[in-house]
Amino acid sequence: MRVLARVEAALLNQTGYLFPWSPVCLAMGIGLYFSLRFEPAWQVYVCLGVVVLAAWGLARKVRSGWASLAIGGALIAVGFILAGIRAHTVAEPVLSWRYYGPVEGRVVAIDRSASDALRVTLDRVRIGDVPKDRRPQRVRLSLLGPVAQIEPGQRIMTTGHLSPPQGPVEPGGFDFRRHAWFQSLGAVGYTRVPVLTIAAANPEGVQITAWRMAISGHVRSILPGEVGGFAAAVTTGDRSGMGQNTLESLRASNLAHLLAISGLHMGLLTGFVYLALRIGLSAVPVLALRWPVRKLAAIGALIAATVYLMLSGGSVATERAFVMVSVMLGAVLIDRRAISLRAVAVAALIVLILRPESLLSPGFQMSFAATTALVAVFGQLRDVGPLPGPKWLKPVAGLFMSSAIAGLATAPIGAAHFNTMSHYGLVANMLSVPVMGMVVVPAAVVAALLAPFGLESLALGVMGLGLEWILLVSERVSGLEGAVGHVASPPGYVLPLCACGALWIALWQGRSRWLGVSAVAAAFLLWGQGQRPEVLIADSGGLVGVMTDQGRALSKEKGSGFIATVWLENDGDGVGQPNAAARWPEPSAIQRYLWRGKELIHLTGKRAASGFGDCTSNQIVIAAVEVDLKGDCDLYDPARLLQTGSLALSGSKVMTSRKIVGDRLWSPKTRGDKRAQ
């Protein structure tokens, strides 16, 4: 009883500070839904609805610290329900077999793949004789052949290879099928033949996309090369004009966030517009004395943010940033503090309610981690008082602290998702972020204002100078020795544990907040003790990787390049596939590797399969083609791999992607039909 009394007293002491925990509870319910290995039945949602009503009624009747726990439990249940509703409402047909043949559809998006190939997303798709009820709503094609002029709204036709969205390349890894499910992307593939235009561009339904691409092309015509591609990316979200080398240098220098239209860009834009309007209106005595200049400036900044949201294509990251600045500008309109943990919590609630799946994205996690950390730390500093030192040094100190705080808050998330750490990222951001805020963004706003008069090239020239500087910084910093460190992927529970500890430090009031430090420390300790799988097998049977003292040895130096890259990145290994393949002993047509007293045999082609004889019990055979073997070996051929997905072997333990993911909407047990065989 004494313990319960202390818990209740602690909760009562938090009165007035508990609202920022609301999105945390909602996120717990969403995370619980996505962590399940089965799809909940409708009875589960009914029971959870009853729990929500009961908890809400209890909270109204019980006026004590326990009421907050009841509300927290209700929010967890609500988060679970929201995630389930969202997953069912976006349901669309998914291709369940490999397809080769005619593909026809309307272009709704244009971008570039990781291999730097032009890529188009199509809707209103027709695929051979596939009936409408089994036809994907959207298809994404990489154009590997001759490329003609592609515009949004065009209806195109080609002959392509399509397949279902790929599952995790290793058990517990990123599930692209889940990501594609929430984008209504039912098939992905490529074509090597020319693309034919069968209907001219019709802007109906894609007006904004067509507008974006037209602006992007105009910007690149004024600013050529990588600078123009960079300018188009930060103004319209179109990255198709940027090369992979530039993207890699931006990532290596920790400046890739300047490329994505997210919180930084939206904050800089609205901040510049708000400040410019407030100063301009205040300079007119009649307006300054009779009108609420501060609120008018907030309305103008909100309008600018809305236009930027439309212009940038409305990606999830941009929508999230728009919600955050809208909440803060709304706080100005109702005479509340614009930057507070409550404002951040409101923004997080809105994003999670609209798109529960965004919780799993690194963009959401990094954005709100940085924002929460900045608001919490500077809130504490505001209570302490102004920073010591001369006035001219305070902006520099503020920039340094902002970059350091945001970098520390997002570093574990970035390392967990992308397996890299930029050792000189703080230096690169110190040299680049001020230029983005003081040169690039203001020049972009001025260019938009001058565009109706045909004078935008003047401002775009200034914008180009700022972007040239940022590209120069990224090139120099990424070229430094040891600029990038590689980190192995942590176990799945590490990041949530670290987040819980960090949130406890930021949101809990009182000295007990520092208990969160122990959770963060435990997370990093468990991260360091995590073990990578000894053997990895691709779901296609086309690649095998065995962990050695020198790193993972791969069975092939070419082919399955994406899978090889992800495996090596998750290992924290910075070598490429050819170097990893050199670790495999005695490469031959039939690849063999002795592992824990068993012989791994990898058969990649029909010739190798036909040349392999009977197998024995101490052999594990992985085949990329159908084989007919005699013997009692453990065989993983395409038919079996279709059911298991990718595999991980560690000692006597066998883990499959199918077991980890389970039977969910985006990964049903029944995959394929006669055409899949």
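Residues numbered from 1 in each chain as written. Predicted model: local features only at pLDDT ≥ 70, side-chain atom pairs only at ≥ 80, totals over all residues. Heavy atoms only, no water.

Participant: Could you clarify how one ought to interpret the side chain of T158 in this entry?
Facilitator: With respect to the helices, strands and loops of the structure, T158 is situated in strand 4 (residues 155-163). You can call T158 buried: its relative accessible area is 5%. In terms of polar contacts, T158 uses its side chain to reach the backbone carbonyl oxygen of P194, at 3.4 Å. (Helix = DSSP H or I, 4+ residues; strand = E, 2+ residues; numbered from the N terminus. Buried < 20%, exposed > 50% of the residue type's maximum accessible area, 1.4 Å probe, protein only. Polar contact = N/O pair within 3.5 Å; in protein donor to acceptor, adjacent residues only side chain to side chain.)

Participant: Help me understand the environment of A444, please; the structure alone is not making it clear to me.
Facilitator: With respect to the helices and strands, the residue A444 is situated in helix 16 (residues 425-450). Distance in space between the C-alpha atoms of A444 and R583 is 50 Å, their sequence separation being 139 residues. Not counting residues within four places of it along the chain, the set of residues in contact with A444 comprises T235 and M463. (Contact = heavy atoms within 4.5 Å.)

Participant: Help me understand a nonpolar patch on the surface in this model?
Facilitator: Together, I208, W211, V284, V286, L287, W291, L296, I299, I303, V307 and M310 line one region of the surface with nonpolar side chains, adding up to about 940 Å² of accessible area. Of all elements in the fold, only helix 6 (207-222), helix 10 (285-290) and helix 11 (293-311) reach the threshold of two or more residues within the nonpolar patch. Looking at which element gives the most residues to the nonpolar patch, the answer is helix 11, with five residues. (Patch = residues over 30% accessible without salt bridge, like charges linked within 9 Å, V, L, I, M, F, W, Y side chains within 5 Å. Areas by Shrake-Rupley, 256 points an atom, 1.4 Å probe, with all protein chains shown as cover. Salt bridge = Lys/Arg side-chain N within 4 Å of Asp/Glu carboxyl O.)

Participant: It is not clear to me how the nonpolar core should be interpreted in this structure. Could you clarify?
Facilitator: Across soluble globular proteins, you tend to see nonpolar side chains buried next to one another. Counting residues in each nonpolar core, the largest one holds 44 residues, and the members touching the most others are F230, M463, L467 and I470. Taken together, the elements giving at least two residues each to this core come down to helix 7 (225-236), helix 8 (244-252), helix 9 (263-282), helix 11, helix 12 (316-333), helix 16 and helix 17 (456-478). Ignoring anything within four residues of it in the chain, the contact list for F230 reads M242, L258, L259, L467, I470 and L471. Counting residues in hydrophobic clusters, the runner-up holds 39 residues, among them L36, A59, A87 and F182. (Core = buried A, V, L, I, M, F, W, Y, C linked by side-chain atoms within 4.5 Å.)

Participant: Please clarify how helix 19 (residues 516-529) should be interpreted in this entry.
Facilitator: For the α-helix, the turn length of 3.6 residues means that residues three or four positions removed from each other point alike. In a regular helix each residue adds 1.5 Å, so 14 residues correspond to 20 Å; helix 19 covers 20 Å between its end C-alpha atoms and thus fits that length. Those residues of helix 19 lying buried are G516, A519, V520, A523 and W527. Buried residues of helix 19, seen end-on, are gathered within an arc of 100° and therefore sit on one face of the element. Exposed and oriented more than 90 degrees from the buried face of helix 19 are L525, G528 and Q529. (Expected span 1.5 Å × (residues − 1). Arc of directions from axis to C-beta.)

Participant: Sorry if this is basic, but what is going on with the sheet that holds strand 17 (residues 653-656) here?
Facilitator: For sheets, the rule is that strands pair by backbone hydrogen bonds, running either parallel or antiparallel. Within the open sheet, the five strands sit side by side as 11-10-9-16-17. Their pairing is antiparallel. Of all strands in the sheet, those bounded by a partner on one side alone are strand 11 (551-554) and strand 17. In this sheet, adjacent strand axes meet at a mean angle of 20° when their direction is disregarded. By the bridge criterion, four bridges tie strand 10 (residues 544-548) to strand 11 in an arrangement that is antiparallel. From the neighbouring strand, T548 faces strand 11, where its bridge partner is G551. (Pairing = 2+ DSSP bridges. Axes fitted to C-alpha atoms, helices over the stretch in contact; angles between N-to-C directions.)

Participant: In this structure, what is going on with the state of the cysteines? I would like to understand it.
Facilitator: Covalent bonding between the sulfur atoms of two cysteines is what defines a disulfide. Within the structure shown, the criterion is met by one disulfide. Two residues share a disulfide in this structure: C615 and C633, whose sulfurs sit 2.1 Å from each other. Its S-S torsion of about -65° marks the bond between C615 and C633 as left-handed, since a negative value means left-handed. On the criterion of sequence distance, the pair formed by C615 in the loop between helix 22 (606-610) and strand 14 (619-623) and C633 in the loop between strand 14 and strand 15 (634-636) is long-range, its members being 18 residues apart. Side by side, C615 and C633 carry an identical accessibility label, which is buried. Left unpaired, C25 is separated from the closest cysteine sulfur, that of C500, by 10 Å. (Disulfide = S-S within 2.5 Å.)

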